[in-house]
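Descriptive analysis of the structure
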Amino acid sequence: MSWDFEKHYINGEWTPSEDDAWIEVENPATLERFARIPDGTPADADRAVAAAKAALEGWRTTPLAERIRLMKAMLANFEALHDEIIPLEVAELGAPVGFTTRTHCEYQYVRVRSYIEAAERMVLEETLPNSTVYREPVGVVACVTPWNYPLGQVVQKVVPAILMGCTVVLKPSQHTPLTACLLANAFDRAGFPKGVFNMVSGRGSRLGDRLASHPDVDMVSFTGSTTVGIRIARRALESVKHISLELGGKSPAVFLPSDDYSAAYPKILSSIFFNAGQTCTALSRLIVPRRDLARIESEFCELAAKLVVGDPTDPKTDIGPVSSKAQFEKIAEYVQAGIDEGARLVMGGVPTDMSRGYYVRPVVFSDVRNDMRIAREEIFGPVLCIIPYDTVEEAVSIANDTPYGLSGYVHAPTKAEAVAVAKRIHSGNVYINDAPRDVTAPFGGYKQSGIGREGGLAGLLEFTQQKAVFDRTTY
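Keep in mind that what you see is a predicted model, and the values were worked out from it rather than measured.

Another aspect to go through is the pairing of strand β3 (residues 22–26). The side-chain alternation of β3 yields one buried face, formed by I23 and V25, and one unburied face, formed by W22, E24 and E26. If you look at the hairpin formed by β3 and strand β4 (residues 33–38), you'll find six residues sitting between the two strands, and L31 has a positive phi there, around 65 degrees.

With that out of the way, let us pick up helix α8 (residues 226–237). Spanning 12 residues, α8 covers 16 Å between terminal C-alpha atoms, matching the ideal 16 Å at 1.5 Å per step. Buried within α8 we find T226, G229, I232, A233 and A236. For α8, the angular spread of buried residues about the axis comes to 120 degrees, placing them on one side. What points out from α8, more than 90 degrees from its buried face, is the exposed set T227 and R234. Buried residues along α8 sit in contact with α7 (204–213), β10 (219–223), β11 (242–246) and β17 (404–405).

Here, UniProt's "active site" (unreviewed entry) annotation points to E246. Its location among the elements puts E246 in strand β11. The contact partners of E246, leaving out residues within four places of it in the chain, are Q153, F222, T223, G224, C280, L406, F443, S449 and E454.

Mapping I287 onto the fold places it in strand β13 (residues 283–289). Placed 109 residues apart in sequence, I287 and V396 show a C-alpha to C-alpha distance of 9.1 Å. Leaving out residues up to four positions away in the same chain, I287 has contacts with P252, A253, V254, F255, I387, Y389, A395, I398 and A399.

This part takes up the sheet that holds β13. Spatial ordering of the open sheet is given by β14-β15-β16-β13-β12-β18-β19, a layout of seven strands whose pairing is mixed. The open sheet has two edge strands, β14 (344–347) and β19 (431–432), and neither has a second partner. Across three bridges, strand β12 (residues 251–255) lies against strand β18 (residues 409–411) in parallel orientation. Residue pairing across strands places F255 opposite H411, the latter belonging to β18. Seen against the sheet, helix α13 (residues 392–400) touches β12, β13 and β16 (383–389) and runs at an angle of roughly 145 degrees to β16.

Each domain of the protein chain was delimited in the assignment, giving domain 1 (7–247 + 449–469) and domain 2 (252–432). The distance between the C-alpha centroids of domain 1 and domain 2 comes to 30 Å. Between domain 1 and domain 2, the residue contacts involve 20 residues of the former and 28 residues of the latter. Summed over both sides, the interface of domain 1 with domain 2 buries roughly 1900 Å², with 58% coming from carbon and sulfur. At the junction of domain 1 with domain 2, the criterion picks out zero salt bridges. The interface formed by domain 1 and domain 2 contains nine residue pairs in polar contact (both at pLDDT 80 or more). Those elements giving two or more residues to the side of domain 1 that touches domain 2 turn out to be α3 (82–93) and α4 (97–121). Sorting elements by how many residues they give to the side of domain 1 that touches domain 2 places α4 first, with three residues. Among the residues making up the side of domain 1 that touches domain 2, the classes are represented as 12 nonpolar, five polar and three charged.

Another point: empty space enclosed by the protein. Taken as a whole and assessed by the stated rule, the structure comprises four cavities of 30 Å³ or more. Reported here for the largest cavity is a volume of approximately 80 Å³. As for the largest cavity, its lining consists of 14 residues, of which A282, S284, E378, I379 and F380 are closest to the centre. Split into classes, the residues belonging to the lining of the largest cavity amount to six nonpolar, five polar and three charged.

Cut-off values and rules
- Residues numbered from 1 in each chain as written.
- Predicted model: local features only at pLDDT ≥ 70, side-chain atom pairs only at ≥ 80, totals over all residues.
- Heavy atoms only, no water.
- Buried < 20%, exposed > 50% of the residue type's maximum accessible area, 1.4 Å probe, protein only.
- Helix = DSSP H or I, 4+ residues; strand = E, 2+ residues; numbered from the N terminus.
- Pairing = 2+ DSSP bridges.
- Expected span 1.5 Å × (residues − 1).
- Arc of directions from axis to C-beta.
- Contact = heavy atoms within 4.5 Å.
- UniProt positions renumbered as here; feature names shortened; annotations may be inferred.
- Axes fitted to C-alpha atoms, helices over the stretch in contact; angles between N-to-C directions.
- Domains from an automatic or database assignment.
- Buried area = accessible area lost by both parts, 1.4 Å probe.
- Salt bridge = Lys/Arg side-chain N within 4 Å of Asp/Glu carboxyl O.
- Polar contact = N/O pair within 3.5 Å; in protein donor to acceptor, adjacent residues only side chain to side chain.
- Nonpolar A, V, L, I, M, F, W, Y, C, P; charged D, E, K, R; others polar.
- 1 Å grid on protein atoms, 1.4 Å probe; cavity = no way out; pocket = protein on both sides within 12 Å on 5 of 7 lines; lining within 4 Å.
- Points joined across faces, edges and corners; volume = space filled by probe spheres on them.

See the structure below:
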């Protein structure tokens, strides 16, 4: 199918922007500018908010069962776009086709189904001794999403908000906006009432700020950097809006002393190198026993060297390009900073060649100190810092010595040992050994990694507010 990405989706219709200005979308593997989107204006955002506000009363009073029925119809339409989503995602983000299929596309179907199943179990009324507590929709929600998981972050916000009776204005990233248009089409075909779902395209600096400060927006749900999140939150709190923030990370992976670390390496490899390291939960600090440092370096780098960096359309590719020239230059600056600070480079080097795409080969530093920039700041690229420790107490201290607290990992000879350390790590999520992610579990961060939770029942409740009605009358 041929897609027209040059319009907003407002009040149930694809509509042109108020301005004749455009943002070109670049393929980071080929450097081809292959599509364009409207460079939306504050007036476009205002139109979308007005549509969402007008639709709110009818949607919030629509029975939950009907909202679930429509979301199931959207999912069926979304799944039917499978073969169109994948090549488009590869082109706009540069993620390899295998990773895109599994994570950027098919895993999002799992997420939508999980929210639907959680909504079917949702209890919206609770009886207390002298009152009834009702869960009601927050209202009009502005969803501002990042470029690194173009569909995943949209699904995490838009689907639970709409299921809970909120209406939505989505502002996808200007860098990877195209697959969001396909999702908008799936909503359109499902038959939702006009104004329940709206999407405006454009720059975050204009549209994000306008949505965050708009008087008719009741909640802002944002995913992105901590710096931008703080700015968005300040604007939102000027009118005391609800806020949900999923922000940065510098997540630790702690290896407890063991005779065999081989089972842990795949988790680290996939976390820091797949999606070219452009993942907020990336396990970017590997904290290992000093006695085993040389062995872990050797074993890990031997596996990392087997990863294929190249054309993201090739099924054999493991790592594609990073998303943009700006991202490439940022990563290069961090790699040089690590060298200058005295970290020992054991794999990779400073990337320099952008002539055939924004490719960054895996970089591994060792003998990193936790006070170095590369250990403290979010690089958002395929750069791993290995930090040695002498005692488990020191390992836990290093893991927690960060302004972030989004994710973590513990490898240990036994589950009991791993859980004991996991409970001491100050982050919202911790994996142990070979445990997979649980899509029904709450996801979110401690400290500067955010406010609020996504996923499962917690992700649905994020878009509700409680009302207590004191109803035990005596007449």
